[in-house]
Amino acid sequence: MELSKAIYARSKRFFSEIGDMAYFAMRFFREVVSAPFEWKELIRQCYRVGNRSIILVGVTGFILGLVFTLQSRPTLLEFGAVSWMPSMVSLSIVREIGPVIFALICAGRIGSGIGAELGSMKVTEQIDAMEVSGTNPFKYLVVTRILATTLMLPLLILMGDAIALFGSALIENLKGEVSYLLYFNKVFDALQYSDIIPATIKSFFFGFAIGLVGCYKGYNCAKGTVGVGEASNAAVVYTSMLLFVIDFIAVFVTDIFVEL
Amino acid sequence: MKETNENKQPVLEIKSLFKSFGDNHVLNGFNLKLYKGENLVVMGKSGSGKSVMIKCLVGLMAADSGTIKIQDFDITSLGQKELDVLRTEIGFLFQGSALYDSMTVRENLNFPLRRHKNKVDGNKNTEELVLEALDNVGLASAIDLMPAELSGGMKRRVALARALILKPKIILYDEPTTGLDPITAKEIIQLMRDVQKKYNTSSLIITHDVDCARVISNRMILLVDGIDYAHGTFEELSKSEDPKIKAFFKN
């Protein structure tokens with residue numbers, strides 16, 4: 001009986017949170033199209049999101065390319081299929097590994113930052129102060145941040161993919177004596193628009209999810225410093241879960257289109 | 001004061017305000033009238049609902065029932081845009097100052113001017129308005145500092161300058177002296193009086209600080225059990241024999 005009550009309470013909390021988040025997302029879509037627009041703040045947020053993550057995504061991408069190629073080489077060598085390396089690496093990274101890994105890194109870096117920043121603004125009444133000074137804080141703080149992550153994440157992912165492929169090319173060049181030109185020719189032979197476009201569309205959704213969850217958790221943060229910590233932590237945990245759900249849906253939908 | 005007020009139209013009026021959080025009934029029919037040019041102090045114990053009342057007043061919190069009229073506008077019936085415009089007529093000094101900590105003092109003061117500069121003197125540029133507001137609180141030298149570099153009293157002064165920058169007609173003070181040493185508290189109270197004199201504003205001051213109430217109030221309301229339990233001047237209330245009122249003044 002106790003267990004069923006606990007399960008009921010937890011599921012109720014879970015679904016009410018999903019409902020609240022959906023309402024928060026709807027409010028975003030309503031506010032994003034209505035004037036006045038906070039262009040200056042949007043550009044500042046885009047710069048912050050990009051600047052915060054560019055080195056992290058770059059370094060991770062480079063190492064990802066190196067490691068992926070080093071790990072795959074022995075297996076491909078065994079089958080005499082090492083010439084397939086550029087195709088295999090490029091398809092795996094561009095289609096799946098790149099977007100998911102870089103989005104997870106950005107969720108940790110950007111999502112938690114947004115959660116903590118808005119959370120601390122909430123507990124120190126800065127959001128209330130904004131509201132009473134006649135500025136819509138949802139528009140100024142939330143809309144700009146969600147738009148910034150939605151626009152910047154695809155760029156960060158494309159950059160990360162490119163650096164990962166360069167890392168892979170470096171290993172192939174050193175170990176397999178494959179020239180960069182040959183490597184990238186093979187990469188572009190293997191890659192189709194049907195690989196890049198769905199992955200890029202998926203990246204927009206990843207960016208939206210990172211911004212949305214970070215802002216939702218921060219904006220609805222409980223009072224006190226504990227609330228700020230929880231908002232920051234929950235932003236990362238929920239976003240990571242949501243990223244995999246979005247990834248699954250995206251792959252599923254892409255698969256249907258490919259089959260058509 | 002009381003007799004003259006009766007013929008005047010209030011600039012701010014609360015009628016039968018109710019607000020509950022679950023079973024916790026914080027406000028049970030609170031009433032208030034603020035007249036032009038007066039300093040009205042609402043005093044109550046911690047947790048008596050003073051902050052809830054003031055948040056309902058500016059639309060930060062929705063009341064369960066009751067009417068709140070500011071300059072004849074019922075704020076519960078206003079849309080977001082109309083409410084934003086009306087809010088420029090109200091300055092709000094938060095208990096914790098609530099300065100934007102990622103911005104400098106200048107940017108903090110610029111912030112309300114971004115959208116509502118047309119409301120204030122059109123001949124002055126933003127920089128002049130910011131400097132004037134900081135001069136009023138004696139902190140022009142702190143213009144480029146970050147809030148983290150300011151002391152508690154300085155933060156409160158900058159927050160007051162920010163609340164005044166749009167030249168509001170009504171100023172709401174939420175515990176203006178809480179957390180300050182007695183000397184700084186006195187300075188802030190003096191500043192509040194100067195501001196009132198200079199701009200002829202009406203002020204609603206929420207406090208539990210008896211000294212602050214004594215110095216600044218023209219009229220007082222005691223908030224007890226969620227209602228406006230007693231009205232009167234500081235002298236009248238401090239002489240009351242009612243035990244609930246006496247409890248506020250016994251020290």
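Read on for an overview of the structure. (Residues numbered from 1 in each chain as written. Chains lettered and ligands numbered in written order. Predicted model: local features only at pLDDT ≥ 70, side-chain atom pairs only at ≥ 80, totals over all residues.)

Within chain B one finds 10 helices and 10 strands. By the compact-globule yardstick of 18 Å for 251 residues, chain B fits well, its C-alpha radius of gyration being 18 Å. Along the longest, intermediate and shortest principal axes, the C-alpha atoms of chain B span 50 × 40 × 40 Å. Per-residue burial over chain B gives 43% buried out of 251 residues. Within chain B, contacts between residues at least 6 apart in sequence are counted, and of these 68% link residues at least 24 apart. (Helix = DSSP H or I, 4+ residues; strand = E, 2+ residues; numbered from the N terminus. Rg over C-alpha atoms; globule rule 2.2 N^0.38 Å. Buried ≥ 20, exposed ≤ 12 C-beta atoms within 10 Å, placed from the backbone. Contact = placed C-beta atoms within 7 Å.)

Residues and elements named next belong to chain B. Taken together, 4 strands build an open sheet; the order of strands is 2-1-4-5 and the sheet is antiparallel. A strand with exactly one partner marks an edge of an open sheet, and here the two such strands are strand 2 (24-34) and strand 5 (73-74). As paired strands, strand 4 (residues 65-70) and strand 5 are joined by 2 bridges and run antiparallel to one another. The residue bridging Lys 69 from the neighbouring strand is Asp 74, located in strand 5. Relative to strand 1 (residues 12-21), helix 2 (residues 50-57) is tilted by about 120°, and along the sheet it contacts strand 1, strand 2 and strand 4. (Pairing = 2+ DSSP bridges. Axes fitted to C-alpha atoms, helices over the stretch in contact; angles between N-to-C directions.)

On to the pairing of strand 7 (residues 170-174) of chain B, then. Residue and element names in this part refer to chain B. By the criterion of burial, strand 7 is predominantly enclosed, with 5 of the 5 residues buried. Side-chain alternation along strand 7 places Ile 170, Leu 172 and Asp 174 on one buried face and Ile 171 and Tyr 173 on a second face that is also buried. In the sheet, strand 7 pairs with strand 8 (residues 202-207) via 5 bridges, with the strands oriented parallel. Residue pairing for strand 8: Asp 174 is matched across the bridge by Ile 206. Following the backbone out of strand 7, through helix 7 (residues 182-199) and into the adjacent parallel strand 8, one traces a crossover that is right-handed. (Right-handed = clockwise from strand over helix to strand, strands pointing away.)

With 12 residues of chain A in contact, the opposing surface of chain B contributes 17 residues. Residue composition of the side of chain A that touches chain B, by class: 3 nonpolar, 6 polar and 3 charged. (Nonpolar A, V, L, I, M, F, W, Y, C, P; charged D, E, K, R; others polar.)

On to the nonpolar core. Counting 119 residues, the largest nonpolar core has Ala 103, Ala 209 and Ile 210 of chain A together with Ala 161 and Leu 172 of chain B as its most contacted members. The element contributing the most residues to this core is helix 5 (residues 137-175) of chain A, with 11 residues. Non-local contacts of Ala 103 of chain A, meaning those with residues more than four positions away in its chain, are made with Leu 153, Ile 157, Phe 206, Ile 210 and Leu 243 of chain A. Formed by 13 residues, the second largest nonpolar core is a distinct cluster that contains Ile 93, Leu 165, Tyr 183 and Val 187 of chain A. (Core = buried A, V, L, I, M, F, W, Y, C linked by C-beta atoms within 7 Å.)

Residues and elements named next belong to chain B. With mixed pairing, 6 strands are arranged side by side in an open sheet as 6-7-8-3-9-10. The two strands at the open ends of the sheet, each matched to only one other strand, are strand 6 (90-93) and strand 10 (227-232). Each strand of the sheet is rotated relative to its neighbour by a mean of 20°, with strand direction disregarded. Here 5 bridges tie strand 9 (residues 219-224) to strand 10, and the two strands are oriented antiparallel to one another. Each bridged residue has a counterpart across the sheet, and for Val 224 the counterpart in strand 10 is Ile 227.

Looking now at the packing of helix 7 (residues 193-219) of chain A against helix 8 (residues 225-259) of chain A. A pair of packed helices is captured by two measures, namely the crossing angle of their axes and the spacing between those axes. Residue and element names in this part refer to chain A. Their axes nearest at 9 Å, the elements helix 7 and helix 8 cross at an angle of 155°. Taken together, the axis directions place helix 7 and helix 8 in an arrangement best described as roughly antiparallel. Seen from above, helix 7 lies across helix 8 with right-handed handedness. Two secondary-structure elements touch here, helix 7 through Ser 194, Pro 198, Lys 202, Phe 205, Phe 206, Ala 209, Ile 210, Val 213, Gly 214, Lys 217 and Gly 218 and helix 8 through Ala 231, Ala 234, Ala 235, Tyr 238, Thr 239, Leu 242, Leu 243, Ile 246, Asp 247, Ala 250, Thr 254 and Val 258. (Parallel < 35°, antiparallel > 145°, perpendicular 65-115°, else oblique. Left-handed = near helix turned anticlockwise from the far one by under 90°.)

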